[in-house]
Structures are given as C-alpha cells and as structure tokens.
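# Analysis of the macromolecular model
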Amino acid sequence: MDIQGNGYISIKQLTDQYLGKQAQVRRATDGEAREGISFQDVLRQKTLGETGGLKFSKHAMGRLADRNIELSDAQLERLESGTKKAGQKGIRDSLVIVDQLAFIVNIPNQTVVTAMDSTDTEENIFTNINGAVII
C-alpha cells in the first residue's frame, strides 16, 4: 500500500483494499479516464443491497453437490426473492422453500447456510430459524 507524501491513503487505494475489485468508471476530469468505483456506486450497493445476489457457504455448496441438487435460474431467482421478502419482515435466519427444495439463509449476510431436498426433510424439523418463506 503506497501512502502519499501527506501521510494519507488515497480513496482508490482504500477502494481496492476493501472492495477487492475494480470497476471502470470514466470521469471527464482533466480529460483523462480514471479507474475505480464511484462513491455513488458504493453508496447504491450498500443502501440497496446490490451485492451481486446470494452467496452460498462452503457447507451449502457441499450439500448441493452431495445431494445432486441443481438450481435452475428461475429457482435461484425465487430463492433470492424469498430472501428479500424475509429481510423486509425483519427475519434474521430463514427457512426458504422453493419447489421441493429447502434452504436455510442468513438474511443479514445474504448467505445460504445449507440446502436440502424433500428426501432429506422427512422429519420436517428445522432449527435455528426465526421465520419461513414458502415460494
């Protein structure tokens, strides 16, 4: 990390460090193009939750692979919709049911914690949730 002569880190360096990605943003300042993410884009991501959709934990990815569960684009869209609805109701850890698939989702982190299909839900007991969404 290169600290400027005045002892401060530049906004670009902070953006690269904390967001871990670079987006091309063209600015008409001094006739040159600059790299980085604009403040407006960062603000929009934080306030609207535009983080690129749901994440799947390592455990959830393992469960999907072990159980041969493949999500279609439509099912993934419905899962994201159910997660958004749960968040609007103030749910922290939600059971989201899409077709014959059940997902436990940590809403604040937008992370699928585990996944199962109807054969794994024989007992129909789900713990450590405070809400459910059936899509």
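Cut-offs used in this document
Residues numbered from 1 in each chain as written. Predicted model: local features only at pLDDT ≥ 70, side-chain atom pairs only at ≥ 80, totals over all residues. Heavy atoms only, no water. Core = buried A, V, L, I, M, F, W, Y, C linked by side-chain atoms within 4.5 Å. Buried < 20%, exposed > 50% of the residue type's maximum accessible area, 1.4 Å probe, protein only. Helix = DSSP H or I, 4+ residues; strand = E, 2+ residues; numbered from the N terminus. Contact = heavy atoms within 4.5 Å. Salt bridge = Lys/Arg side-chain N within 4 Å of Asp/Glu carboxyl O. pLDDT = per-residue confidence, 0-100. Pairing = 2+ DSSP bridges. Axes fitted to C-alpha atoms, helices over the stretch in contact; angles between N-to-C directions.

The nonpolar side chains of soluble globular proteins are, as a tendency, buried together. Core analysis: the biggest nonpolar cluster contains 16 residues, and L79, V96, F103, V105 and V112 have the highest contact counts within it. Listed by contribution, the elements that provide at least two residues to this core are α3 (58–66), α4 (73–88), β4 (93–98), β5 (101–106) and β6 (111–117). The element contributing the most residues to this core is β5, with three residues. When neighbours within four sequence positions are excluded, L79 is seen to be in contact with L54, F56, L71, V96, V98, F103, V105 and V112.

Next up on the list: the environment of R63. With respect to the helices and strands, R63 occurs in helix α3. Through-space distance from the C-alpha of R63 to that of V113 is 9.6 Å; in sequence the pair is 50 residues apart. The contacts of R63, once residues within four sequence positions are left out, are T114 and A115.

When the charged atoms of two side chains with opposite charge come close together, those side chains can pair. Applying the stated criterion across every chain, the model contains one salt bridge. Across the salt bridge formed by R78 and D99, the nearest N and O atoms sit 3.0 Å from each other. Of this pair, R78 sits in helix α4 while D99 sits in the loop between β4 and β5, placing them 21 residues apart in sequence.

Bringing the confidence of the model for the protein chain into the picture now. Mean pLDDT over the protein chain stands at 77; residues scoring 70 or higher make up 66%. Every residue in residues 21–31 is under pLDDT 50, and counting partners more than four places away or in other chains gives 22 contacts.

Turning our eyes to something else, we now look at the pairing of strand β7 (residues 131–134). Side chains G131 and V133 project from β7 onto a buried face, and the interleaved A132 and I134 project onto a face without burial. Direction of pairing for β4 relative to β7: parallel, over a ladder of four bridges. Counterpart to I97 in the pairing with β7 is I134.

For I69, the position within the fold is in the loop between α3 and α4. In sequence terms I69 and A115 are 46 residues apart; their C-alpha atoms lie 8.6 Å from each other. With near-sequence residues (within four places) excluded, I69 lies in contact with L64, L101, M116 and D117.

Not every positive phi belongs to a glycine, and N68 is a case in point at roughly 50°. Structurally, N68 can be placed in the loop between α3 and α4. Owing to a relative accessible area of 68%, N68 belongs among the exposed residues under this scheme. We note that Q110 has phi near 55°; this positive angle belongs to a residue other than glycine. Mapping Q110 onto the fold places it in the loop between β5 and β6. Overall, Q110 belongs to the partly exposed group, its relative accessible area being 27%.

A few words now on the sheet that holds β6. On the basis of which strands lie adjacent, the open sheet formed by five strands has the order β3-β6-β5-β4-β7 and mixed pairing. The open sheet terminates on both sides in strands that have one partner only, identified here as β3 (55–56) and β7. Strand direction decides the pairing type here: β3 and β6, joined by two bridges, are parallel. Looking at the pairing, K55 lines up with T111 of β6. Running at roughly 145° to β4, α4 makes contact with β3, β4, β5, β6 and β7 of the sheet.

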